[in-house]
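# Observations on the three-dimensional arrangement
Each chain is listed here by its residues.
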Amino acid sequence: MEPKPNFPDANQIKETDLQHHWHPFTDTATLGKDELRLITHAKGSYIWDSEGNPVLDGMAGLWCVNVGYGRDEIVDAVAAQMRDLPYYNTFFKSTHAPVAALAEKIASTTPGDLNRIFFNTSGSDSNDSMLRTVRTYWESMGKPEKRVIITRKNAYHGSTVAGVSLGGMAGMQAQGGPMVPDIAHIDQPYWYEEGGDMDPAEFGLARAKLLEEEIDRIGEEKVAAFFAEPIQGAGGVIIPPETYWPEINRICKERDILLITDEVICGFGRLGEWFGAIHYGLEPDMMTMAKGLSSGYLPIGALAVSDKIARQIFENAGEYVHGYTYSGHPACCAAALKNIEIIEREGLVDRTRTHTGPLFHDKLQTLADHPMVGEVRSVGLMAAIELVADKSSRKRFDNVGEVGTKCRDKCFENGLIMRAVRDTMVISPPLVITDGEIGELVEKAWKSIDQAWQEIG
Ligand code: PXG
């Protein structure tokens, strides 16, 4: 495969990058030139590097390019919007057509009565907005002490101060503290890693009951909300046992605690429904979203709020002094609107539920025959492969993360992007992935797992 024609000097770009670019989530000081992969262009489910190698993008970028790469329609919609109105704010009684249309569109896809949409630029700042909105709601109810938000250990909710505080990643919380106060973390419903001798159903129930115990410990009058992803993505595609969400739902309803889902990864068709909450039969009081909202073509996030909560705040809190310069940015809204139009027109949500999701599931299960694969699990187009030293006891390798990193590197070499979370491989391809590409993905995954296994002996 030839490199992209007329592409500037790749080596020079890498040199410049290494001198001046500070990479997110990277040990930039030790980043070597030969490790740096320069991506030049993309189409459908593939990206290309500067050497001209096509790579099947099993991660849809960072869990976001749901409609795949190279959608000229989105480019055209954004260009047209930018010619008409590249920017205007939505503060101070102003609006514009794409923001109004997008708010209506999102409201029509969300479960229950989440009819009020606040716009942001990412998942992290949507979660900041969520935190402020939850606490403002209870303040407006005359209960300012009801402000603790319960989340889970090993959850990822973003990289801003509120995002890291809400998240339960110990390594992130160790940098740049102190964290936002009044956030509590309970154990996650990760049966494969933490289930011990319990069966999954029993374990799911036990982990859900931790919420009740935590509410009792803190005092119901102080707990504002439970906030969680329907399926933890960055934590390792942790699919809770079927018993988990119904019990969480019951507890939130009985204890006057808001139920809020982070749909940044699970939203916009990833699980074969518009949102993860729908997959689990939940009607949350609020939801946050980003990524698949625009398939990553432009940065945009949103907080969807129920009629009841919005009305309470509007009628009792006065002006809500919150918002970003780019809340409801017209070009980003235009990208999101076109993206949702494509998802609807091509039936990508139903296709994921009824066709690609089941096919992906069945094909991936063949990997469970490999001696190093302890479990393969998936919902829709989101999957995890557990790499273990011993299948029957679910025992991990001693040097946690080593085999996962090795496997990820082998995937790169074999033309597949698959991410490693410790020794769990995670996959989240574009929703437009074809049947043939699913076959290719699984074949390359087997080859890479096997090569990593051979190397560690
Ligand atoms: N919530 C969830 C559930 C996420 O997955 C965020 C919030 C924050 O969104 P922004 O747009 O602020 O990044 C995320 C982001 C990874 C990885 O390597 C995952 C995310 C971001 C970067 C890397 O798995 N998720």
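About the thresholds
Residues numbered from 1 in each chain as written. Predicted model: local features only at pLDDT ≥ 70, side-chain atom pairs only at ≥ 80, totals over all residues. Heavy atoms only, no water. Helix = DSSP H or I, 4+ residues; strand = E, 2+ residues; numbered from the N terminus. Buried < 20%, exposed > 50% of the residue type's maximum accessible area, 1.4 Å probe, protein only. Contact = heavy atoms within 4.5 Å. Pairing = 2+ DSSP bridges. Near = heavy atom within 4 Å. Polar contact = N/O pair within 3.5 Å; in protein donor to acceptor, adjacent residues only side chain to side chain. Areas by Shrake-Rupley, 256 points an atom, 1.4 Å probe, with all protein chains shown as cover. Domains from an automatic or database assignment. Buried area = accessible area lost by both parts, 1.4 Å probe. Salt bridge = Lys/Arg side-chain N within 4 Å of Asp/Glu carboxyl O.

## Focus: the environment of Gln 232
Turning to its location among the elements, Gln 232 is positioned in the loop between β7 (223-228) and α10 (244-254). By relative accessible area, Gln 232 is classed as buried at 1%. Apart from the residues lying within four places of it in its own chain, the contact partners of Gln 232 are Arg 152, Lys 153, Asn 154, Ala 155, Gln 188, Pro 189, Val 237, Ile 238 and Met 382.

## Brief notes about the sheet that holds strand β2 (residues 46-49)
Across the sheet, which stays open at both edges, the 4 strands sit in the order β1-β2-β3-β13 with mixed pairing between neighbours. Either end of the sheet is taken by a strand with one partner, and the two such strands are β1 (39-43) and β13 (416-417). As judged from the 2 bridges shared by strand β3 (residues 54-57) and β13, these two strands associate in the parallel manner. Looking at β13, one finds that Leu 56 is bridged to Leu 416.

## Details of the site of the ligand
Residues in close proximity to the ligand total 16 residues, the closest being Trp 63, Gly 123, Ser 124, Asp 262 and Arg 419. The separation between an oxygen atom of the ligand and a polar side-chain atom of Ser 124 is 2.5 Å. Considered on its own, the ligand offers 530 Å² of accessible surface; in the complex 84% of this is hidden by protein. Listed by contribution, the elements that provide at least two residues to the shell around the ligand are α2 (60-63) and α5 (123-140).

## A short note on the environment of Pro 284
As for its placement among the helices and strands, Pro 284 is situated in the loop between α11 (276-279) and β9 (286-289). When its relative accessible area of 3% is taken as the criterion, Pro 284 is described as buried. Linking Pro 284 and Ala 304, residues 20 residues apart in sequence, is a C-alpha distance of 9.7 Å. Ignoring anything within four residues of it in the chain, the contact list for Pro 284 reads Pro 111, Leu 114, Leu 259, Ile 260, Thr 261 and Ala 277.

## Observations regarding the domain arrangement of the protein chain
Assigned domains of the protein chain: these are domain 1 (10-67 + 347-456) and domain 2 (73-345). Between the C-alpha centres of domain 1 and domain 2 the distance comes to 26 Å. The interface of domain 1 with domain 2 comprises 36 residues on the first partner and 41 residues on the second. Carbon and sulfur atoms supply 58% of the area that domain 1 and domain 2 bury against each other, a total of about 3000 Å² over both sides. Counting across the domain 1 and domain 2 interface gives 2 salt bridges. On the surface where domain 1 and domain 2 come into contact, there are 23 residue pairs in polar contact (both at pLDDT 80 or more).

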